[in-house]
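# Survey of secondary and tertiary structure
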Amino acid sequence: MSWQTIDRNVSPYAAGSEPVLSEGVREKIRSFFPRYDTKRAVLLPALHMVQDALGHVPYKAMAEIAEVLEIHPSDVLDTLTFYTHFWTHPKGEKVVMACRSISCELTGGREVLDAIKSHLGIGEHETTADGKYSLVTEECLAGCDHGPCMLINEKLHKCVKAADVPKLLDDAKNDRIEVPRSDLFDAPERSNSNQPS
Amino acid sequence: MPNYEPVLLRNVGVENARSIDVYRSRGGYRSAEKALKQMSPDDVIDEVKKANLRGRGGAGFPAGVKWTFLPKDRKRTLLCVNADESEPPTFCNRVLMEEDPHQLIEGTIIAGYTTRAQIAYIYLRVEFHEQFHILQKAVDEAYAAGLLGKNILGSDYSLEIYLHRGAGAYVCGEETGLIESIEGKRGWPRIKPPFPAIEGLFRQPTVVNNVETLANLPHIIERGADWFLSIGPPGSSGPKLFCISGPVNRPGCYEGPMTITCEELIMSDEYGQGMRGSVPVKAVFPGGTSMGVLKGDELGMKMDFDDPRNYGLLGLGTAAAVVVNAETDIRLVLRNLARFYALESCGQCTQCREGTSWMYRIAQRIENGAGRVEDLDLLEEVAGRMGMMPGLSICGLPDGATFPVRGVVQKFRAELEERIRNQDPGKVEAVLAVLN
């Protein structure tokens with residue numbers, strides 16, 4: 001996605017306060033420099049790491065990323081706002097991404113989306129009051145053979161039935177994947193504390 | 001297809017197929033070794049050209065020919081592997097990566113050696129979380145086994161593979177959009193020429209190949225071009241992955257020769273095993289939604305690179321079919337597809353940005369019971385003014401957006417007109433008030 005902006009609230013710029021990026025994150029971003037010809041090419045990996053560390057990418061983090069990559073903060077904003085998976089404002093601990101592609105819609109995706117909305121009591125692109133869940137819609141998760149599907153953080157839930165949605169959402173481990181994780185794009189803090197899941 | 005022996009999916013279902021030891025025990029990495037030690041890059045190009053391996057990403061351009069566009073006197077080459085796979089309802093690359101990641105790595109080594117690339121970037125869409133972790137582990141294993149890095153298998157060829165994760169943008173599957181995205185920019189496709197082979201990633205000569213294309217390479221090296229040509233019809237040789245989804249009994253990713261028809265893909269016991277509840281087929285999008293639509297009585301279409309054009313489709317695309325059954329309102333399908341392209345247009349070209357949005361608004365109006373028969377002509381007119389590369393648009397997205405919309409309007413006009421006639425006129429104003 002692209003030019004149509006579906007969800008772009010921004011947190012106010014926290015001027016003058018402490019840096020938001022830890023030295024660990026900065027160091028990890030720099031460790032990607034040898035992979036690419038330019039520092040700017042590390043921007044997407046950097047945004048992934050920062051979002052992993054902070055849960056979203058506030059303005060101040062954009063400015064600090066720009067400093068590390070030696071580009072202008074507006075370059076960071078420009079790139080970031082093109083991609084739907086970077087959040088510019090706080091999201092819930094778990095982000096539920098419901099697929100609404102054609103295959104999922106034909107196999108009951110709309111009912112699943114409605115069930116998620118009614119169980120969480122929120123609409124699309126909203127976050128529950130307790131900060132636990134956010135709901136977004138996705139155009140295709142490439143899980144069409146298992147439609148309807150939804151992603152909770154990293155975990156793809158396949159062949160979801162509307163009736164199973166409450167149980168799925170109440171399960172504390174519903175965002176854990178079963179394969180061994182690589183911490184390449186994670187915040188360094190997380191890779192120290194969160195292994196194995 | 002009885003007696004067809006899977007090649008690309010041969011390791012699916014084998015225990016621990018993702019591990020390098022199991023992959024090697026089943027003949028894996030022998031082709032890479034053969035290419036590196038016994039063949040020159042030109043030998044590989046000749047073999048792949050002879051096999052007429054056509055790109056599996058959607059355009060069907062011969063991979064061997066693509067490699068020859070690289071300037072002969074180049075100092076560097078960069079290889080990009082397109083694992084962005086965002087076209088609904090396509091998921092065959094996902095299956096290849098999660099079931100047999102080393103096959104992709106071996107194909108990447110062969111392509112890298114052939115193009116003399118020292119770095120390969122595998123561009124994965126961010127939604128592929130499990131696949132990323134699986135593939136990264138396989139890459140780490142390959143490094144540890146001396147199959148990646150400096151002097152692979154004792155040869156003088158060196159290759160680094162880096163995984164690069166996207167962040168949710170369909171248009172990054174377009175090769176120059178993908179390149180821009182790796183460079184840390186918006187995934188806006190570039191105006192061509194220059195083509196990536198001349199000036200691509202970091203302004204270096206660049207090759208972009210699809211995952212499935214690369215997965216074919218080890219088998220071509222191992223068994224030869226003649227074996228490859230013996231599968232499938234002339235012009236569409238080799239094993240092919242087909243995806244089928246929607247309300248069929250056994251949705252999934254299947255491998256076969258490109259001699260099968262769309263009907264076999266849906267109905268045959270080898271593939272989709274028929275429609276759920278035996279509801280008749282109303283429509284099929286046989287090549288990913290962008291290629292256009294078939295009516296229920298056009299299922300005799302062959303799933304090869306050429307026959308789709310005889311049915312008013314753009315091409316074979318990704319050979320991923322989604323089936324719409326007779327109980328489904330065609331207006332829903334029209335709106336769903338129009339929404340997808342409206343949200344995924346990158347916004348650079350006016351006719352695509354505005355056209356996809358208008359098609360979505362019109363389709364929404366029709367679906368919600370406030371359509372007019374003239375809207376169908378309007379949709380066709382908007383679609384007609386949007387597409388047709390080359391020249392008008394930077395990339396192929398507007399063509400991909402117009403083919404399904406125009407196809408649905410043309411092939412299902414009778415149903416759409418009837419549904420519009422049966423609307424409740426009293427509700428139209430209320431619907432329009434909500435939509436506007």
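Note that this is a predicted model, so its numbers are computed, not measured.

### Focus on helix H12 (residues 330-344) of chain B
All names here are of chain B. In this model H12 runs 22 Å from its N-terminal to its C-terminal C-alpha over 15 residues, within 8% of the 21 Å that 1.5 Å per residue would give. Burial analysis of H12 places 15 of its 15 residues in the buried class, the great majority of the element. Where H12 begins, one side-chain oxygen reaches toward the backbone nitrogen of arginine 331, 2.8 Å away; that side chain belongs to aspartate 329.

### Some remarks on the pairing of strand S5 (residues 240-245) of chain B
Residue and element names in this part refer to chain B. The element S5 is extensively covered by neighbouring structure, given that six of its six residues are classed as buried. Looking at chain direction, S5 and strand S9 (residues 320-325) are connected through three bridges and run parallel. Within S9, the residue paired with serine 245 across the bridge is valine 322.

### Details of the interface of chain A and chain B
It is common to give the size of an interface as the accessible area that goes away when the parts come together. Listed by partner, the interface residues are 52 residues for chain A and 71 residues for chain B. In this assembly, chain A packs against chain B so that about 5,000 Å² is buried in total across both faces, 58% of it on carbon and sulfur atoms. Inspection of the chain A/chain B interface yields eight salt bridges. Between glutamate 139 of chain A and arginine 339 of chain B there is a salt bridge, and its shortest N-O distance comes to 3.8 Å. Seen at the junction of chain A and chain B, the total is 25 residue pairs in polar contact (both at pLDDT 80 or more). Contributions of two or more residues to the side of chain A that touches chain B are made by helix H2 (43-54), helix H4 (73-80) and helix H5 (102-106) of chain A. Residues of the side of chain A that touches chain B, tallied by class, amount to 24 nonpolar, 15 polar and 13 charged.

### Here we look at the domain arrangement of chain A
Domain annotation for chain A reports domain 1 (23-80) and domain 2 (94-170). Spacing between the C-alpha centres of domain 1 of chain A and domain 2 of chain A amounts to 30 Å.

Cut-offs and rules
Residues numbered from 1 in each chain as written. Chains lettered and ligands numbered in written order. Predicted model: local features only at pLDDT ≥ 70, side-chain atom pairs only at ≥ 80, totals over all residues. Heavy atoms only, no water. Helix = DSSP H or I, 4+ residues; strand = E, 2+ residues; numbered from the N terminus. Expected span 1.5 Å × (residues − 1). Buried < 20%, exposed > 50% of the residue type's maximum accessible area, 1.4 Å probe, protein only. Polar contact = N/O pair within 3.5 Å; in protein donor to acceptor, adjacent residues only side chain to side chain. Pairing = 2+ DSSP bridges. Contact = heavy atoms within 4.5 Å. Buried area = accessible area lost by both parts, 1.4 Å probe. Salt bridge = Lys/Arg side-chain N within 4 Å of Asp/Glu carboxyl O. Nonpolar A, V, L, I, M, F, W, Y, C, P; charged D, E, K, R; others polar. Domains from an automatic or database assignment.

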